[in-house]
Amino acid sequence: MQPLLDAIAALTPPTDAGRIFHGRGGLHPGCEQWTLDAYPPVLLLTSFEPATDDELAAIGAALEARWAQVAPGEPLNWVYQYRFEARAETRLMAGSVPEPHVISEAGARFRVHLLRGLNHGFFLDMAEGRRWVRAQMAARPGQRVLNLFAYSCAFSVVALQAGAGQVVNVDMAGGALSIGQKNHQLNGLGAGASFMPHDIFASWGKIKRSGPYDLVILDPPSYQKGSFVAEKDYARLVRRLPDLLEPGGQALLCLNSPKLGADFLHGLMAEHAPAMQFVKRLANPPAFADVAPERALKVLVYRAPG
């Protein structure tokens, strides 16, 4: 656990949300179970294995000691989450969590919810994907974007901030899209986005009618029982891309499965959308460095002919 304690001893009060310690990347032997994230003004400690009371006490003492040094007089707020078998147990360890809890990244603001659910409303490891989308929209304003598996619509927010003309957000989880609508309001985005709380695979007609699109974002869960399993369902997305994209349009393919590497996505594109050209793979944020990059998040850019 020493590398985690060392990271705590070096932390400074963050302003934007981000990862502080990434044991999951395998670069710190013995700490593979731990991650530490900043969702200011709250720190989130996550363990993927059961943690003992002594371990949590040691981590809490380290956080308290460092916080007294770098933020004297400021309350330390931290939350612990134990994740197992697609479930989570979460508890507040010290301080409090704001309600609503709003964090920022690169000038954009997003609502998060650390004390309920497995996920928190905002995926820190997708920071470079959001930065790429922002740059693409700024380079050519007015583009039409399709955001599939939109979740809380972070891609939509940054696209519209940077000059997108229209973003269509589709996700079968109406609750997530409701948070997405609030994220747009938080950022003063009153127009340009639409929200479709539909099963994507049953809604291709509606989705296509709003196109064609200059950018299609595919960011599905790798495994969500009853709705999406990457090994069998990702191909069903890829084969739709040629009909959804403008000539020269781009697709952003995302996959966060430790079992499936980038070759899985390249193979699907070669089989189901062979005319599309691979452009590049986006690097993950440095804080998410992984000893086995193919196990980490994959974000690939492809371009349609034309």
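Keep in mind the model is a prediction, meaning the values are calculated, not measured.

Q: Honestly, the overall build of the chain in this entry has me stumped. Any pointers?
A: In terms of regular secondary structure, the chain is built from nine helices and 16 strands. For 306 residues, the compact-globule estimate of 2.2 N^0.38 gives 19 Å, and the chain sits close to it at 20 Å. Expressed along its principal axes, the backbone C-alpha trace of the chain runs to roughly 60 × 40 × 35 Å. Burial analysis of the chain (306 residues in total) assigns 49% to the buried set. Surface accessibility of the chain: about 13600 Å² in total, with carbon and sulfur atoms responsible for 52%. Separation of charge centres in the chain, based on 29 positive and 28 negative side chains, amounts to 9 Å.

Q: Is there a simple way to think about the sheet that holds strand E15 (residues 277–281) in this case?
A: Within a sheet, adjacent strands bond to each other through the backbone by hydrogen bonds, running parallel or antiparallel. Pairing in this open sheet of seven strands is mixed, and the strands run E10-E9-E8-E11-E14-E16-E15 from one edge to the other. With one partner strand each, in any of the chains shown, strand E10 (193–196) and E15 form the two edges of the open sheet. In this sheet, adjacent strand axes meet at a mean angle of 15° when their direction is disregarded. Strands strand E8 (144–148), strand E11 (213–218), strand E14 (245–255), E15 and strand E16 (298–303) of the sheet are contacted by helix H3 (residues 127–139), whose axis makes an angle of about 165° with E14.

Q: So what exactly am I meant to see when it comes to the packing of helix H7 (residues 230–238) against helix H9 (residues 262–272) here?
A: Running from N to C, H7 and H9 point in directions that differ by 45°, and their axes come no closer than 10 Å. One way to sum up the angle between H7 and H9 is to call them oblique. Judged by the sense of rotation from one axis to the other, the crossing of H7 with H9 is right-handed. Counting all contacts with H7, which are made through Ala 230, Glu 231, Tyr 234, Ala 235 and Val 238, the residues of H9 involved are Phe 264, Leu 265, Leu 268, Met 269 and His 272. Looking at side-chain class alone, the contact of H7 with H9 contains eight nonpolar, one polar and one charged residues.

Q: Hey, could you run me through the packing of H3 against helix H4 (residues 154–161) in this one?
A: A packed helix pair is summarised by two numbers, namely the angle formed by the two axes and the spacing between the axes. For the pair H3 and H4, interaxial distance at closest approach is 8 Å and the crossing angle is 30°. Accordingly, the angle class assigned to the pair H3 and H4 is roughly parallel. The two elements H3 and H4 meet at a crossing, and its hand is right-handed. Only Ala 154, Phe 155, Val 158, Ala 159 and Gln 161 of H4 make contact with H3, whose side of the interface consists of Gly 129, Arg 130, Val 133, Arg 134 and Met 137. Classifying every residue of the contact of H3 with H4 by side-chain character gives six nonpolar, two polar and two charged.

Q: What is the right way to read the sheet that holds strand E2 (residues 34–39) from this model?
A: Reading across the sheet, the five strands line up as E1-E2-E3-E4-E5 and stay open at both edges, with mixed pairing between neighbours. If you trace the sheet from one side to the other, it starts and ends with strand E1 (18–22) and strand E5 (87–94), each paired once. With strand direction ignored, the average angle separating the axes of adjacent strands in the sheet is 20°. Judged from the seven bridges that link them, strand E4 (residues 78–84) and E5 form a sheet pairing that is antiparallel. Bridging from a neighbouring strand, Tyr 82 pairs with Glu 89 of E5.

Q: How should I be thinking about unusual backbone geometry in this particular structure?
A: Following Pro 40, the chain continues to Pro 41 via a peptide bond in cis, the omega torsion being 10°. Considering the arrangement of structural elements, one finds Pro 41 in the loop between E2 and strand E3 (42–47). At the junction of Glu 99 and Pro 100, the peptide bond is cis and its omega measures out at 0° in the coordinates. Positive phi, close to 55°, is recorded for Tyr 151, a residue that is not glycine. Here Tyr 151 lies in the loop between E8 and H4.

Q: How do you make sense of the pattern of salt bridges when you look at a structure like this?
A: Charged atoms that come close allow side chains of opposite charge to pair. Under the counting rule described, the total for this entry stands at eleven salt bridges. Between Arg 19 and Asp 37 there is a salt bridge, with its nearest N and O atoms 2.6 Å apart. Within this pair, whereas Arg 19 is found in strand E1, its partner Asp 37 is found in strand E2, the two being separated by 18 residues in sequence. Between Asp 233 and Lys 232 there is a salt bridge, and its shortest N-O distance comes to 3.3 Å. In this structure Asp 233 comes out as buried when scored by relative accessible area, which is 3%. Linked by salt bridges that have partners in common, Lys 232, Asp 233 and Arg 236 make up one network.

Q: I keep staring at H3 and nothing clicks. Help me out?
A: Residues spaced three or four apart along an α-helix point in a common direction, a consequence of the helix completing one turn every 3.6 residues. Between its first and last C-alpha, H3 extends 19 Å over 13 residues, near the 18 Å set by a 1.5 Å rise per residue. Among the residues of H3, Ala 127, Gly 129, Arg 130, Trp 132, Val 133 and Met 137 are the ones counted as buried.

Q: Help me out: how do you make sense of the packing of aromatic side chains in this one?
A: How two aromatic rings sit relative to each other is given by the distance of their centres and the angle of their planes. Tallied over the entire structure, the rule returns eight aromatic pairs. On the numbers, 5.1 Å between centres and 25° between planes, the contact of Phe 123 with Tyr 151 is stacked. Placement of Phe 123 in the loop between strand E7 (108–112) and H3 and of Tyr 151 in the loop between E8 and H4 is noted, with a sequence separation of 28 residues between them. Their ring planes at 55° and their centres at 5.4 Å tell us that Phe 278 and Tyr 302 sit as a pair that is tilted. With Phe 278 in strand E15 and Tyr 302 in strand E16, this pair connects stretches of sequence that are 24 residues apart. Aromatic ring contacts, followed pair by pair, group Phe 149, Phe 201, Trp 204, Phe 228 and Tyr 234 into a single cluster. The ring of Phe 48 has Arg 24 lying over it, and the distance from NZ or CZ to the ring centre is 3.7 Å. Between Arg 236 and the ring centre of Phe 201, over which it is positioned, the NZ or CZ distance is 3.8 Å.

Basis of the calculations
Residues numbered from 1 in each chain as written. Predicted model: local features only at pLDDT ≥ 70, side-chain atom pairs only at ≥ 80, totals over all residues. Heavy atoms only, no water. Helix = DSSP H or I, 4+ residues; strand = E, 2+ residues; numbered from the N terminus. Rg over C-alpha atoms; globule rule 2.2 N^0.38 Å. Buried < 20%, exposed > 50% of the residue type's maximum accessible area, 1.4 Å probe, protein only. Areas by Shrake-Rupley, 256 points an atom, 1.4 Å probe, with all protein chains shown as cover. Lys, Arg positive; Asp, Glu negative; His and termini not counted. Charge placed at Lys NZ, Arg CZ, Asp CG, Glu CD. Pairing = 2+ DSSP bridges. Axes fitted to C-alpha atoms, helices over the stretch in contact; angles between N-to-C directions. Contact = heavy atoms within 4.5 Å. Parallel < 35°, antiparallel > 145°, perpendicular 65-115°, else oblique. Left-handed = near helix turned anticlockwise from the far one by under 90°. Nonpolar A, V, L, I, M, F, W, Y, C, P; charged D, E, K, R; others polar. Salt bridge = Lys/Arg side-chain N within 4 Å of Asp/Glu carboxyl O. Expected span 1.5 Å × (residues − 1). Phe/Tyr/Trp six-rings, centres within 6.5 Å; stacked < 30°, edge-to-face > 60°. Lys NZ or Arg CZ within 6 Å of the ring centre and 35° of its normal.

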